[in-house]
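Architecture and fold: a report
Each chain, written out:
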Amino acid sequence: MTVGFRSPQGVRIARDGSTARHRPWRRRSRTMTADAVRSAIPPPDRQAYRTGTAAIMVRLLRESYAEVAPRAEEATRFFYAMLFAIAPATRELFAANMEVQRSRFWRALVHIVQNFDRPDELVPFLHQLGRDHRKFGVLDAHYDAMGTALVTSLKQYAGAAWTPQVEKAWSDAYGLIAKTMQEAAEAEPGPAWWTARVVDHHRLTWDLAVVRVTPDRPVPYRAGQYVGVEVPQRPRLWRYLSPANAPRPDGSIEFHVRAVPGGSVSRSIVGHTQVGDTWRIGAPMGLMTVDRGSDRDVVMVAGGTGTAPMRAILEELSGWGDNPEVTMFVGGRTRADLHDLDTLTALAATNPWLKVIPVVESYPRMVGMEYGTLADVVTRFGAWPDRDVLVCGSPVMIRATVSRMLVAGTALDRIIYDPFTLD
Ligand code: HEM
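A brief report on the enclosed structure follows.

Quick notes on the sheet that holds strand β11 (residues 354–360)
- Spatial ordering of the open sheet is given by β12-β11-β10-β9-β13-β14, a layout of 6 strands whose pairing is parallel. Among the strands making up the open sheet, the edge pair consists of β12 (370–371) and β14 (415–417).
- Bridging between strand β9 (residues 297–303) and strand β13 (residues 387–392) involves 6 bridges; their strand directions are parallel. Each bridged residue has a counterpart across the sheet, and for A302 the counterpart in β13 is C392.
- The strands touched by helix α10 (residues 307–317) are β9, β10 (326–332), β11 and β13; relative to β9, the strand with the most contacts, the crossing angle is about 145 degrees.

Have a look at this one:
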């Protein structure tokens with residue numbers, strides 16, 4: 001006998017999280033591929049998109065989401081409470097403290113809604129997320145329960161904006177999102193995670209450490225990507241870190257970690273990591289890279305430990321030979337925050353295609369430094385037309401830099417950043 005209860009939508013939900021009958025997001029065929037997702041969500045410049053059902057769906061998602069957004073935190077709390085009520089087994093997958101996770105899930109949702117009509121960005125993002133979710137032990141039934149929890153929470157907080165059409169749009173959208181993630185997870189032949197041994201840990205300052213690990217087998221990341229990391233001092237609290245080196249023949253990876261206020265994982269890595277610790281590393285994610293086939297030059301904008309993926313890319317570029325010109329802005333509040341400046345300057349000294357511009361926010365003045373925020377300084381140099389722009393740093397820094405560059409005239413599709421690297 002199925003033990004369960006009725007959700008506010010009238011859906012019968014079993015204790016394992018599976019819904020007994022009504023699963024609106026399952027209306028589409030189980031065999032829908034990413035190509036089918038692409039054609040279901042045509043690009044915005046097509047006439048069919050402007051008038052067709054896909055356009056209406058995207059409009060409904062965005063409009064109803066806008067109603068929920070001002071109460072996003074409340075809605076996310078409600079969502080997780082609902083998920084754990086209808087599928088109690090999922091609670092064990094999450095850490096006791098859900099603060100960071102709540103904001104990550106919501107940011108992912110915003111990112112998905114914003115990019116729903118850009119399948120070329122959305123599909124790779126969902127594929128990576130689906131592959132990465134294998135490390136949490138997520139099952140198909142959990143996706144179903146999450147769909148119920150999500151649609152119910154949005155309904156609760158969208159108020160009068162919630163209509164049967166909006167409900168169908170969200171159900172269909174969640175179906176596509178979950179299916180795209182699940183398909184990528186099923187198709188992935190590699191392991192759900194790698195184990196890696198800490199072979200070096202040294203503190204550069206009281207709040208910054210460099211940690212080198214050697215995985216049991218090479219992690220197949222590209223320079224510029226990031227990986228989820230779980231450390232033994234903080235089980236089940238996965239945090240994203242970017243390797244600061246391009247893949248090496250011995251597979252070793254260097255991470256630069258700053259202890260952030262309230263960041264129990266980063267503080268524990270900086271303060272308590274021991275040589276010999278075993279870390280778990282998740283599937284590589286992120287789209288930041290330099291396109292070798294492009295003839296465009298590159299601008300890099302890196303704040304704090306956001307220099308790590310840029311350094312990995314530069315290391316890879318220095319092995320190429322025929323390189324694009326790279327102008328790299330490296331920023332921090334004070335000179336002491338530019339922990340990697342000496343290495344980057346040394347790299348620039350031997351690679352004429354690289355120019356490094358240090359940026360600090362506070363005085364006293366020092367020769368060769370620019371003053372202001374990264375957003376101020378980068379846009380002071382102009383709009384950087386005809387360049388690809390890579391941005392990495394805190395979410396605040398990314399938001400400020402990207403929006404100021406857009407105002408300055410940089411084209412949105414030339415700016416590359418990963419929204420989930422730092423919390
Ligand atoms: C629409 C589907 C989903 C989206 C967009 C989504 C999004 C995310 C994001 C952005 C993260 C943070 C990234 C990370 O730590 O790797 C995350 C973490 C996580 N997700 Fe999901 N997720 C989805 C489905 C699910 C499902 C069905 C489950 C199972 C109940 C699940 C369980 C988890 C867990 C356990 C974590 C780690 C939490 C932590 O580190 O504290 N997710 N999810």
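This is not the end of the story, as more comes after the structure.
Let's talk about the site of the ligand
- Neighbouring residues of the ligand: 23 residues in total, closest R104, D132, H133, M146 and Y240.
- Within the side chain of D132, one N or O atom sits 2.7 Å away from an oxygen atom of the ligand.
- One of the side-chain N or O atoms of K135 is found 3.5 Å from an oxygen atom in the ligand.
- Those elements giving two or more residues to the shell around the ligand turn out to be α5 (99–114), α6 (119–133), α7 (140–158) and α8 (164–187).

Quick word on the pairing of strand β7 (residues 253–258)
- The element β7 is extensively covered by neighbouring structure, given that 6 of its 6 residues are classed as buried.
- Residues I253, F255 and V257 line one face of β7 and the alternating positions E254, H256 and R258 line the opposite face, and both faces are buried.
- The pairing of strand β4 (residues 208–215) with β7 spans 6 bridges and is classified as antiparallel. If you follow V210 over to β7, its bridge partner there is H256.

A look at unusual backbone geometry
- For R236, which is not a glycine, the phi torsion comes out positive at approximately 70 degrees.
- Among the structural elements, R236 can be located in the loop between β5 (227–230) and β6 (239–241).

Observations regarding the packing of α10 against helix α11 (residues 341–350)
- Two elements in contact, α10 and α11, have axes separated by 12 Å at closest approach and are oriented at 25 degrees. Taken together, the axis directions place α10 and α11 in an arrangement best described as roughly parallel. Crossing hand, α10 versus α11: left-handed. Judged by residue contacts, T307, R311 and L314 of α10 engage T343, L344 and L347 from α11.

Looking at α6
- Along its 15 residues, α6 runs 20 Å from first to last C-alpha, staying within 8% of the 21 Å computed at 1.5 Å per residue.
- Turning to α6, its buried residues are P119, L122, V123, F125, L126, H127, Q128, L129, G130 and D132.

A closer look at the packing of aromatic side chains
- With the rule as written, the count across this model stands at 13 aromatic pairs.
- Considering the side-chain rings of F329 and F381, the 5.2 Å spacing of their centres and the 75 degrees angle between planes classify their relative orientation as edge-to-face. Placement of F329 in strand β10 and of F381 in the loop between α12 (374–380) and β13 is noted, with a sequence separation of 52 residues between them.
- Geometrically, the ring pair formed by F329 and W384 is edge-to-face, given 5.8 Å between the ring centres and 75 degrees between the ring planes. In this pair, F329 is assigned in strand β10 and W384 in the loop between α12 and β13, connecting sequence segments 55 residues apart.

Concerning the pairing of β13
- Among the 6 residues that make up β13, 6 are buried, leaving the element largely enclosed by the rest of the structure.
- Along β13, one buried face is formed by R387, V389 and V391 and the opposite face, lined by D388, L390 and C392, is buried too.
- Sheet analysis places β13 next to β14, joined by 3 bridges and oriented parallel. Looking at β14, one finds that V389 is bridged to I415.

Regarding the pattern of salt bridges
- For the structure on display, the rule yields 16 salt bridges.
- The residue D207 makes a salt bridge to R258 at a minimum N-O spacing of 3.4 Å. Of this pair, D207 sits in the loop between β3 (193–205) and β4 while R258 sits in strand β7, and the two are 51 residues apart along the sequence.
- Between R380 and E370 there is a salt bridge, with the nearest N and O atoms lying 3.5 Å from each other. Here R380 is found in helix α12, whereas its partner E370 is found in strand β12, with 10 residues between them in sequence.
- Judged by relative accessible area, E370 falls into the partly exposed class, the value being 24%.

Remarks on the environment of F79
- With respect to the secondary-structure elements, F79 resides in helix α4 (residues 72–86).
- The class for F79 is buried, based on a relative accessible area of 0%.
- In the structure, F79 is positioned 75 residues away from L154 in sequence and 8.4 Å away in space, judged by C-alpha atoms.
- Leaving out residues up to four positions away in the same chain, F79 has contacts with F105, M146, A149, L150 and S153.

Parameters at a glance
Every chain is numbered independently, its residues counted from 1 as its sequence is written. Per-residue local features of the predicted model are confined to residues with pLDDT of at least 70, and side-chain atom pairs are confined, for both listing and counting, to 80 or more; whole-chain, interface and lining totals are unaffected and use all residues. The basis for every side-chain value is the complete set of heavy atoms in the structure, and neither hydrogens nor water enter the calculation. For two strands to be treated as a pair, DSSP must find at least two bridges joining them. By definition, any uninterrupted DSSP run of H or I lasting at least four residues is a helix, any uninterrupted run of E lasting at least two residues is a strand, and each is numbered from the N terminus. Throughout, a contact is declared for two residues whenever any of their heavy atoms are within 4.5 Å. To get an axis, fit a line to the C-alpha atoms, keeping to the stretch in contact for a helix; angles then go from 0 to 180 degrees between the N-to-C directions. Consider each residue's heavy atoms; a residue with any of them within 4 Å of a molecule or strand counts as near. Any pair of nitrogen or oxygen atoms within 3.5 Å is treated as a polar contact; in protein, a donor-acceptor pairing is required on top of that, and neighbouring residues in sequence qualify only through side-chain atoms on both sides. Only protein chains enter the accessibility calculation, which uses a 1.4 Å probe; a residue whose area is less than 20% of its type maximum is buried, one above 50% is exposed, and one in between is partly exposed. When an angle is under 35 degrees it counts as roughly parallel; over 145 it counts as roughly antiparallel; between 65 and 115 it counts as roughly perpendicular; any other value is oblique. Helix crossings fall into two classes, left-handed where the near helix is turned counterclockwise from the far one by less than a right angle and right-handed where it is turned clockwise. Given the number of residues in a helix, its expected span is that number minus one, multiplied by 1.5 Å. The criterion for an aromatic pair is that two Phe, Tyr or Trp rings (for Trp, the six-membered ring) have centres within 6.5 Å, with stacked assigned to planes under 30 degrees apart, edge-to-face to planes over 60 apart and tilted to the rest. For salt bridges, the criterion is a side-chain nitrogen of Lys or Arg within 4 Å of an Asp or Glu carboxyl oxygen.

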